[in-house]
Amino acid sequence: MARPTIADIATRAGVSKGAVSFALNGRPGVSDATRERILKIAEQMSWRPHSAARALGASRVDSVGMVIARPARTLGVEPFFAHLLSGVQSGLSAESISLQLLIVEDTAAEIEVYRRWASEHRVDGVILVDLTVKDPRVDELKALELPAVVIGGRGGKGALASVWADDRDAMLSIVEYLAALGHRRIAHVAGTPNFQHTQRRIRAVRDAAPRLGLVDSPSLTTDFSDAEGAAITRKLLSQSVRPTAIVYDSDVMAVAGLGVAMEMGVSVPGDLSIVAFDDSILTQLMHPALTALSRDTFDFGRQAAEVLLETIADPTTVINRRTADPVLTVRESTAPPA
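Residues numbered from 1 in each chain as written. Predicted model: local features only at pLDDT ≥ 70, side-chain atom pairs only at ≥ 80, totals over all residues. Heavy atoms only, no water.

### Some points on the domain arrangement of the protein chain
The domain architecture assigned to the protein chain consists of domain 1 (6–49), domain 2 (63–165 + 297–325) and domain 3 (167–294). With centres defined by C-alpha atoms, the gap from domain 2 to domain 3 works out at 28 Å. Domain 2 puts 15 residues into the contact, and the matching count from domain 3 is 16 residues. Carbon and sulfur atoms supply 54% of the area buried between domain 2 and domain 3, which totals about 1300 Å² over both sides. (Domains from an automatic or database assignment. Contact = heavy atoms within 4.5 Å. Buried area = accessible area lost by both parts, 1.4 Å probe.)

Below, the structure is given as structure tokens:
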């Protein structure tokens, strides 16, 4: 099907091409009622501005967007996102670029935001997080010709720019450390199952199990919330044969798991070792302090902003920047099994 043009919209609306141009670009010259009618018809026809025409007809708006499809309550207690957003904003502020942030319920709502931003030219580019298996956002953003960078994973076989660290190597460093301590029953409290980074971590545990001689290494998925982290921990510790170590995909879930262990009288690290995939002030202030993977999340966000601005300046170049792998910081929550 041919791409709809301004002339097509003008024909359907019964107005001139000039009137359509005024309406689509937010310029004076048409009544509010006519503008609304034209915009509605453009949306129905799935009209999108061509990149070359947009470059000629409009200047940059000096704003980028970020949409997060996670429960707002979960995000409110996650230090990772606070540090990430601070880094992103730092990188953008250095170039006097603003950040538009929206939290939505699901991927479909997120895609609708991108469509609206692109059609109204609200942002110069966007930052994606939580890349999923067969992520529909990648093809959508390519079709919209909206510059984008993916945080945390290669943007769909290199289709989009990305800034990432190796989740597999990071998870292997945890499991290998616990195995070296003597643990053979290691449980993994994982995140959302359709996230690519969750799948990479699950596969790392599964693939390492035979090599390290693990006799039990289940990965149990959650929504990253403290409530589900606690529920899974309670289930694991209620088994007749309990794991001697648990790895959590977030610091929030690890703290919740520690609370359940204390509630059930399970000594940490005497009877159970705990490791968090993310480090934060939360893991450091616990008693015992939690062993965790440490990385500079602020700089991770700053680099994402830097790559996005480079992509906006030259959309023909796809940048895939690998950052330093997280480093395991050993604290008081891990020890050889009893």
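### What to know about the environment of Val-215
As for its placement among the helices and strands, Val-215 is situated in the loop between helix 10 (196–212) and strand 7 (219–220). With relative accessibility at 64%, the residue Val-215 sits in the exposed group. For Val-215 and Arg-295, which are 80 residues apart along the polypeptide, the C-alpha to C-alpha distance reads 30 Å. Those residues in contact with Val-215 that sit more than four places away from it in its chain are Arg-184 and Arg-185. (Helix = DSSP H or I, 4+ residues; strand = E, 2+ residues; numbered from the N terminus. Buried < 20%, exposed > 50% of the residue type's maximum accessible area, 1.4 Å probe, protein only.)

### Some words on the packing of helix 1 (residues 6–13) against helix 2 (residues 17–24)
Look at helix 1 against helix 2: their axes get within 8 Å of each other, and the N-to-C directions meet at 105 degrees. One way to sum up the angle between helix 1 and helix 2 is to call them roughly perpendicular. Contacts between helix 1 and helix 2 pair Ile-6, Ala-7, Ile-9 and Ala-10 from the former with Lys-17, Val-20 and Leu-24 from the latter. Among the residues forming the contact of helix 1 with helix 2, the class breakdown is six nonpolar, no polar and one charged. (Axes fitted to C-alpha atoms, helices over the stretch in contact; angles between N-to-C directions. Parallel < 35°, antiparallel > 145°, perpendicular 65-115°, else oblique. Nonpolar A, V, L, I, M, F, W, Y, C, P; charged D, E, K, R; others polar.)

### Concerning the packing of aromatic side chains
All told, the structure shown has three aromatic pairs when counted by the stated rule. When the ring of Phe-80 is compared with that of Phe-81, the centres are 5.5 Å apart and the planes differ by 90 degrees; the resulting orientation is edge-to-face. The exposure classification of Phe-80 matches that of Phe-81, with both residues buried. An angle of 25 degrees between the planes, with centres 6.2 Å apart, marks the rings of Phe-195 and Phe-224 as stacked. A residue pair is termed long-range when its members are at least 10 positions apart, and Phe-195 in the loop between strand 6 (186–189) and helix 10 and Phe-224 in the loop between strand 7 and helix 11 (226–237) qualify at 29 residues. Neither residue differs from the other here; Phe-195 and Phe-224 are each classed as buried. The side chain of Arg-70 reaches across the aromatic face of Phe-224, ending 4.5 Å from its centre. Above the plane of the ring of Phe-300 lies Arg-295, whose end atom (NZ or CZ) is 5.3 Å from the centre. (Phe/Tyr/Trp six-rings, centres within 6.5 Å; stacked < 30°, edge-to-face > 60°. Lys NZ or Arg CZ within 6 Å of the ring centre and 35° of its normal.)

### Quick look at helix 14 (residues 297–313)
Relative to the 24 Å expected for 17 residues at 1.5 Å per residue, helix 14 spans 25 Å between its end C-alpha atoms, a close match to the ideal helical length. Listed in full, the buried residues belonging to helix 14 are Thr-297, Phe-300, Gly-301, Gln-303, Ala-304, Ala-305, Val-307, Leu-308, Leu-309, Thr-311 and Ile-312. Residues of helix 14 that are buried sit in contact with strand 1 (63–68), helix 6 (79–93), strand 3 (125–128), strand 4 (148–151), strand 5 (161–164) and strand 11 (320–322). You can read the cap of helix 14 off the contacts: a side-chain oxygen lies 3.4 Å from the backbone nitrogen of Phe-298, and it is on Asp-296. (Expected span 1.5 Å × (residues − 1). Polar contact = N/O pair within 3.5 Å; in protein donor to acceptor, adjacent residues only side chain to side chain.)

### Notes on the packing of helix 6 against helix 14
Where helix 6 meets helix 14, the axes come as close as 6 Å, and the angle between the chain directions of the two elements is 40 degrees. Compared by their axis directions, helix 6 and helix 14 come out oblique. Considering how the two elements wind past one another, helix 6 and helix 14 form a crossing that is right-handed. On the side of helix 6, the interface is formed by Phe-80, His-83, Leu-84, Ser-86, Gly-87, Val-88, Ser-90, Gly-91 and Leu-92, while helix 14 contributes Thr-297, Phe-298, Phe-300, Gly-301, Arg-302, Ala-305 and Leu-309. (Left-handed = near helix turned anticlockwise from the far one by under 90°.)

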